[in-house]
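Results of the structural survey
Listed here are the chains, written in short residue letters.
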Protein chains: 2
Amino acid sequence: MSIRIGILGYGNLGKGVEYAIAQNDDLSLKAVFTRRDPSTVKIMTKDVPVYSVNDAAAHASEIDVLILCGGSANDLPVQTPEFAKLFNVVDSFDTHARIPEHFANVDKAAKEAGKVGIISIGWDPGLFSLIRMYGNAVLPEGKDYTFWGKGVSQGHSDAIRRVKGVKNGKQYTIPVESALERVRNGENPELTTREKHTRECFVVPEEGADLAQIEKDIKTMPNYFSDYDTTVHFITEEELIKNHSGIPHGGFVIRTGTTGENNQTKHTVEFSLKLGSNPEFTSSVLCAFARAAYRLNAEGVSGCKTIFDIAPAYLCKQNPDELRSHLL
Amino acid sequence: MSIRIGILGYGNLGKGVEYAIAQNDDLSLKAVFTRRDPSTVKIMTKDVPVYSVNDAAAHASEIDVLILCGGSANDLPVQTPEFAKLFNVVDSFDTHARIPEHFANVDKAAKEAGKVGIISIGWDPGLFSLIRMYGNAVLPEGKDYTFWGKGVSQGHSDAIRRVKGVKNGKQYTIPVESALERVRNGENPELTTREKHTRECFVVPEEGADLAQIEKDIKTMPNYFSDYDTTVHFITEEELIKNHSGIPHGGFVIRTGTTGENNQTKHTVEFSLKLGSNPEFTSSVLCAFARAAYRLNAEGVSGCKTIFDIAPAYLCKQNPDELRSHLL
């Protein structure tokens, strides 16, 4: 009696969900839905069908939770409300500013259908949000800091690749160690964008390209690079493939706060992630919340939920007695 | 319309709760209950009465949540079930092995009375448990490590003070940095007790005491010190008061795990606390969960709960819209 999972979208995130399901014996993959021609999509799990996303409705009764693995810019704002009419759904919607709007859309659809839709799951938004929230609840007089990296920013890598003369490239976001130390020391610094992160670019130029111009175009690019100290390295395509094919990421959430009669006692709460693969880790978080979506819906709950609304025990395979005995 | 809090037991923890209430404008202190003669207990908050614990029942209607600030060895196993018959209660019961029994006792009393009893709140058990649980849920193939310190262990300090020739003393538990590094590097080491922590003792000897004998008695003490590398420093009472009067603590929870087709991708999740005052931080956590106890009970929930059973949003003063907009 395992929880039957469907995957919508078979890119890095969808593959990560497939790996993660294999690590959880109470979850089983029942179907993959794709916008591509299903006959062109080969998945790893044996004897699991790949369907066109257009046929999803016909398989609604075979799936307990559909994990949506599309992008936040164009896919999820449409897909999550749409599929919440048919399935319990979980997504990794990560456009922070549009979360309230996305929540309202998913809530309406899920409530009408009697389904659960869990949005914005992953690590930021996700586990980082959780730590920010516990930190605020426990140390109301304090200050939050979030640092990202060292890791690959897909958006910044894409931006590099749009520069004239660039054949390929990858960008790493790197937290400034001295800024982290000042925060950990309880100095409560006011940090500018430039003081928090640096950006390191590995660029494969086209043959005969003007390297000085490429470097200038990158470093002065508004929004993406102009507010940061940026380093540009020119490398070969072979080096890029050999040394920069991974999608690592991570970061730090730190809350510093004070307690006591005169707020004289200092405390530091720190959470950090060092992820070998950003999409694989995000997929693993999605799977834990798929378990929660199933359980909540089985209890009669419907509507949109975020990581803030779900009691931690819903995420774990173990029953409450086991959790209290072994993890508390 | 603030949540009316009562404190039972006015030691370090009770005082910490009083400080924490002052930082949360939706909580107000309504009464302190003590086993001492109430006339001898002076509290900081103006115009708040101190009552004998024997009169608690008479004030049940004035209190929304009673925070129990007694010890886990003798007080809480009796007090929490007893007062859950009259109040919503929160405690910091920290005897890990006896949690299932304590849970059952509190659950029975609280259910019969229609109250909520939240147990084992603080940082370990508490926030550390939570991180262990999220870590297990998200990375099912992995390994947990918990390190404590650098911080004062009350139990070990008490043990030192029982040694012949010792006038006063304080003991610090210190995590071994090289062990922490091995864990962070994903080596998944099997660590012995000795490899994880060292113990450092600051001892004030009685005049004319045999220092060599004291050092030997401490270092060979079974359960407390014999399994550790222990350092003993002899100091004066003045030095002890000047340099070792605080009650700092903290520690690290690390989960390392793997994902991917062949479990080849490594991830590290790390949470750490650096606490200027162990009881003041614990008190702050208790207050956040007092808010949750009140809200849950107002929704009609009763029975015993742990940190695993409570959706994070219940801990925060902000409403769900604000949480989604600002912390997610």
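Everything that follows concerns the structure shown earlier in this document.
Residues numbered from 1 in each chain as written. Chains lettered and ligands numbered in written order. Predicted model: local features only at pLDDT ≥ 70, side-chain atom pairs only at ≥ 80, totals over all residues. Heavy atoms only, no water.

Below, the discussion takes up the overall build of chain A. Within chain A one finds 11 helices and 14 strands. A globule of 328 residues ought to have a C-alpha radius of gyration of about 20 Å, and chain A, at 22 Å, matches this closely. Buried residues in chain A amount to 59% of all 328 residues. Considering only residue pairs separated by 6 or more positions, chain A has 68% of its internal contacts joining residues 24 or more positions apart. Surface summary for chain A: the accessible area is close to 13600 Å², and the carbon and sulfur share equals 47%. Of the side chains in chain A, 36 bear a positive and 42 a negative charge, and the two mean positions are spaced by 1 Å. (Helix = DSSP H or I, 4+ residues; strand = E, 2+ residues; numbered from the N terminus. Rg over C-alpha atoms; globule rule 2.2 N^0.38 Å. Buried < 20%, exposed > 50% of the residue type's maximum accessible area, 1.4 Å probe, protein only. Contact = heavy atoms within 4.5 Å. Areas by Shrake-Rupley, 256 points an atom, 1.4 Å probe, with all protein chains shown as cover. Lys, Arg positive; Asp, Glu negative; His and termini not counted. Charge placed at Lys NZ, Arg CZ, Asp CG, Glu CD.)

This part takes up empty space enclosed by the protein. A full pass over the atoms with the stated rule returns two cavities of 30 Å³ or more. What the largest cavity holds in volume is close to 160 Å³. The wall of the largest cavity is formed by 17 residues, among which A:I131, A:F271, B:I131, B:Y134 and B:F271 lie closest to the centre. Residue assignment for the lining of the largest cavity shows that the elements contributing at least two residues are α4 (127-138) and β13 (265-275) of chain A together with α4 (127-138) and β13 (265-275) of chain B. For the lining of the largest cavity, a count of residues per class yields 15 nonpolar, two polar and no charged. In this structure, the second largest cavity encloses a volume near 30 Å³. If you go around the second largest cavity, the residues you meet are A:A20, A:N24, A:L27, A:S284, A:C287, A:A288, A:R291, B:A137, B:V138 and B:P140. Contributing elements (two or more residues each) for the lining of the second largest cavity: α10 (278-298) of chain A together with α4 of chain B. No other element matches α10(A), which puts four residues into the lining of the second largest cavity. Of the residues assigned to the lining of the second largest cavity, the class counts are seven nonpolar, two polar and one charged. (1 Å grid on protein atoms, 1.4 Å probe; cavity = no way out; pocket = protein on both sides within 12 Å on 5 of 7 lines; lining within 4 Å. Points joined across faces, edges and corners; volume = space filled by probe spheres on them. Nonpolar A, V, L, I, M, F, W, Y, C, P; charged D, E, K, R; others polar.)

Bringing the side chain of A:Q23 into the picture now. When you line up the elements, A:Q23 lands in the loop between α1 (12-22) and β2 (27-34). In this structure A:Q23 comes out as buried when scored by relative accessible area, which is 12%. A polar contact is formed between the side chain of A:Q23 and the side chain of B:N263, at a distance of 2.8 Å. Once you skip the residues sitting within four places of it in the chain, A:Q23 turns out to touch B:P140, B:E141, B:T258, B:T259 and B:N263. (Polar contact = N/O pair within 3.5 Å; in protein donor to acceptor, adjacent residues only side chain to side chain.)

Attention shifts here to unusual backbone geometry. Each neighbour pair has its own omega, and for B:D124 with B:P125 the value is 5 degrees, a cis peptide bond. Residue B:G149 is joined to B:K150 through a cis peptide bond whose omega torsion reads 0 degrees. Relative to the helices and strands, B:K150 is located in the loop between β7 (142-148) and β8 (151-152). For A:N188, which is not a glycine, the phi torsion comes out positive at approximately 50 degrees. Counting through the fold element by element, A:N188 comes out in the loop between α6 (177-184) and α7 (193-196). A:N188 gets classed as partly exposed once you look at its relative accessible area, which sits at 37%. You will see that B:N263, though not glycine, has its phi angle at about 50 degrees, which is positive. Assignment of secondary structure puts B:N263 in the loop between β12 (249-259) and β13.

Okay, the packing of aromatic side chains next. Per the stated rule, a full pass over the model turns up 12 aromatic pairs over all chains. Here A:Y172 and A:F202 contribute two aromatic rings whose centre-to-centre distance is 5.7 Å and whose plane-to-plane angle is 85 degrees, an arrangement assigned as edge-to-face. On the criterion of sequence distance, the pair formed by A:Y172 in strand β9 (residues 166-175) and A:F202 in strand β10 (residues 197-205) is long-range, its members being 30 residues apart. With respect to burial, A:Y172 and A:F202 carry one shared label: buried. Through pairs of rings, three or more aromatic residues link up here, namely A:F33, A:Y51, A:F83 and A:F87. One residue, B:R199, lies across the ring of B:Y228, its end atom 4.0 Å from the ring centre. (Phe/Tyr/Trp six-rings, centres within 6.5 Å; stacked < 30°, edge-to-face > 60°. Lys NZ or Arg CZ within 6 Å of the ring centre and 35° of its normal.)

Contact residues are listed per partner, giving 64 residues for chain A and 64 residues for chain B. The contact between chain A and chain B buries some 5600 Å² in all, and 64% of this surface belongs to carbon and sulfur atoms. Ranking the residues of chain A by area buried against chain B places A:Q23, A:R324 and A:L328 at the top, with a combined share of 15%. On inspection of chain A and its partner chain B, the count reaches zero salt bridges. Scanning the region where chain A abuts chain B turns up 28 residue pairs in polar contact (both at pLDDT 80 or more). Going through the elements one at a time, α3 (99-113), α4, β12 (249-259), β13, α10 and α11 (320-326) of chain A are the ones with two or more residues in the side of chain A that touches chain B. Sort the elements by how many residues they give to the side of chain A that touches chain B and β13(A) lands first, with 11 residues. A breakdown of the residues in the side of chain A that touches chain B according to their chemical character gives 33 nonpolar, 19 polar and 12 charged. Bridge count for β13(A) against β13(B) is nine bridges, and the pairing is antiparallel. Counterpart to A:V269 in the pairing with β13(B) is B:L273. (Buried area = accessible area lost by both parts, 1.4 Å probe. Salt bridge = Lys/Arg side-chain N within 4 Å of Asp/Glu carboxyl O. Pairing = 2+ DSSP bridges.)

Residues and elements named next belong to chain B. Secondary-structure assignment places A159 in helix α5 (residues 154-161). A159 sits in the buried class, given a relative accessible area of 2%. As for A159 and Q213, which are separated by 54 residues in sequence, their C-alpha atoms are 15 Å apart. Leave out the neighbours within four places in its chain, and A159 touches M221 and Y224.

All names here are of chain B. As a packed pair, helix α2 (residues 76-83) and helix α3 (residues 99-113) sit with axes 7 Å apart at the nearest point and diverge in direction by 20 degrees. Between α2 and α3, the angle falls in the class roughly parallel. When the axes of α2 and α3 are compared, the crossing they make is right-handed. Two secondary-structure elements touch here, α2 through L76, P77, T80 and P81 and α3 through H102, N105, V106 and A109. For the contact of α2 with α3, a count of residues per class yields five nonpolar, three polar and no charged. (Axes fitted to C-alpha atoms, helices over the stretch in contact; angles between N-to-C directions. Parallel < 35°, antiparallel > 145°, perpendicular 65-115°, else oblique. Left-handed = near helix turned anticlockwise from the far one by under 90°.)

Taken by themselves, the reported measurements are silent on function.
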